[in-house]
Every structure is written in C-alpha cells, then in structure tokens.
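# Structural overview
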Amino acid sequence: MTRIKFEEQLNLLNKELLEMSALIENAIQSASYALIHQDTAYAEKAINFDSQVDQKERDIETLCIKLLLQQQPVARDLRQISAVLKMITDLERIGDQAADISNIVIHLVGTSYIKPIEHLPQMADAAIRMVSGSIDAYINKDLALVREIIDMDDIIDDLFDIIKSELIVLIRDNAQNGEQAIDLLMIAKYFERIGDHAQNIAEWVEYSITGQHKGKFL
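Read on for an overview of the structure.

### Topic: empty space enclosed by the protein
Taken as a whole and assessed by the stated rule, the structure comprises one cavity of 30 Å³ or more. Around the largest cavity, the lining residues are Lys115, Pro116, Ile117, His119, Leu120, Ile163 and Leu184. A per-class count over the lining of the largest cavity returns five nonpolar, one polar and one charged.

Take a look at the structure:
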C-alpha cells in the first residue's frame, strides 16, 4: 500500500468515526427527548440506534486492522489507529447506555414525574457536547479542546450529585416515591457513565496527539 493510499484510508477512518459519533449523539438526544416528553417512539428510536452503532464499530475495527496489516505504520499513525480502536469501544458503550436510559423511559411513560427533570437533560446536553467535541479534537488535533472536554465531565458529575441529593430527600419524605426515584437515579447514573466514557474518548484523543495517556477510566 503506497503512502498516498494509506492516507486515503486514514481519511476514510476519520469519516467512519464521524458517522459513528453522529449516531451516538442522535441516540443520546433521542433518549433525552423521550425522557422529557415521555415519548415511546423516541425511546425506541434511541434503542434502534444501538444496532447501527454496533455495526459501525465492527466496520471501523475491520478498517483499523486492514491499516495495521497492509503497511507498517509510523509511530504517529500507530497511535492514531490504536486510539481509534479504544475510542470506538467507549462510543459503543455510550450507545448501550443511551438504550438503557430509553428502556427505563418506556417504563415511566404515563406516570407523573415526582420532581422536575431539568437536570437530566442538562446532563444529556453536556454529554453530547463532550462526544462531539472529542471527535472534533481528534480530527483537528486540537489539544486545547481535548482539555476543555475533559474538564466538562465535572459538570456532569455535579449534576449527578444534585439529582441524587434531591431524590434522597424525596424518598425520605415519602416512601411511595421510592420506585420512580430509583428509576430516575439509574437514568442519572447512566448519563454520568456516558460522561466518563466521553472523558475517556478525549483522553485517547490526547494520546493520539501526544503519545501520553493519563486516563483513570480504562
């Protein structure tokens, strides 16, 4: 494989990664919309994205292996390909968690929420920005954006702590709130884990640029 052909394949890899990221962002957005509006159709839409995400992960894995086998990559190329293999694992897990959120939402459809849920959509919005920003940083080799994205995980963690505290009070005040409180806490936890995976993606982007990985969530 000539270097020009190799570069073309790397560009294709970037395109596939962008498409996978778009699927993930749509899955999170659909799950959030379903939660806000108790919309079963949007919940099912988010669930259906998961199979597309899984297929995209397999396609990207195949392309990465092809790139590794057909030419001995230089160190920079090897870092890039290795980082992508790690990133798509986290992206796939985010897709799973968006589907998990949607399954809980389907269970909640038709019930009145025991509290305003504005913090959960805020978690979703932050997670989408983290995923989108991480992939943009990878494509543009933007280290400053990587560090901005990593710091954003604190926003999601803080929102999770707020939701957890509010739900504890609701259960304490009325035990009948317990079942839905657990469902809402699980949704918050899934969003919090999505933030962790998005942070991990950003840290693999940092590795692709610098050769160093300082992540805590492997």
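### Points about helix α2 (residues 40-70)
Counted at 1.5 Å a residue, the expected span for α2 with its 31 residues is 45 Å, and the 46 Å between its end C-alpha atoms agrees. Here α2 has its buried residues at Ala43, Ala46, Phe49, Asp50, Val53, Asp54, Lys56, Glu57, Ile60, Leu63, Cys64 and Leu67. If you follow the buried residues of α2, they end up packed against α1 (3-37) and α3 (75-108). N-cap assignment for α2: the residue whose side-chain oxygen lies 2.9 Å from the backbone N of Ala41 is Asp39.

### Focus on the side chain of Glu206
By the element assignment, Glu206 lies in helix α6 (residues 178-210). Apart from residues no more than four positions distant in its own chain, Glu206 is found in contact with Leu143, Val146, Arg147, Ile150, Gly211, Gln212 and Lys214.

Parameters and conventions
Residues numbered from 1 in each chain as written. Predicted model: local features only at pLDDT ≥ 70, side-chain atom pairs only at ≥ 80, totals over all residues. Heavy atoms only, no water. 1 Å grid on protein atoms, 1.4 Å probe; cavity = no way out; pocket = protein on both sides within 12 Å on 5 of 7 lines; lining within 4 Å. Points joined across faces, edges and corners; volume = space filled by probe spheres on them. Nonpolar A, V, L, I, M, F, W, Y, C, P; charged D, E, K, R; others polar. Helix = DSSP H or I, 4+ residues; strand = E, 2+ residues; numbered from the N terminus. Expected span 1.5 Å × (residues − 1). Buried < 20%, exposed > 50% of the residue type's maximum accessible area, 1.4 Å probe, protein only. Contact = heavy atoms within 4.5 Å. Polar contact = N/O pair within 3.5 Å; in protein donor to acceptor, adjacent residues only side chain to side chain.

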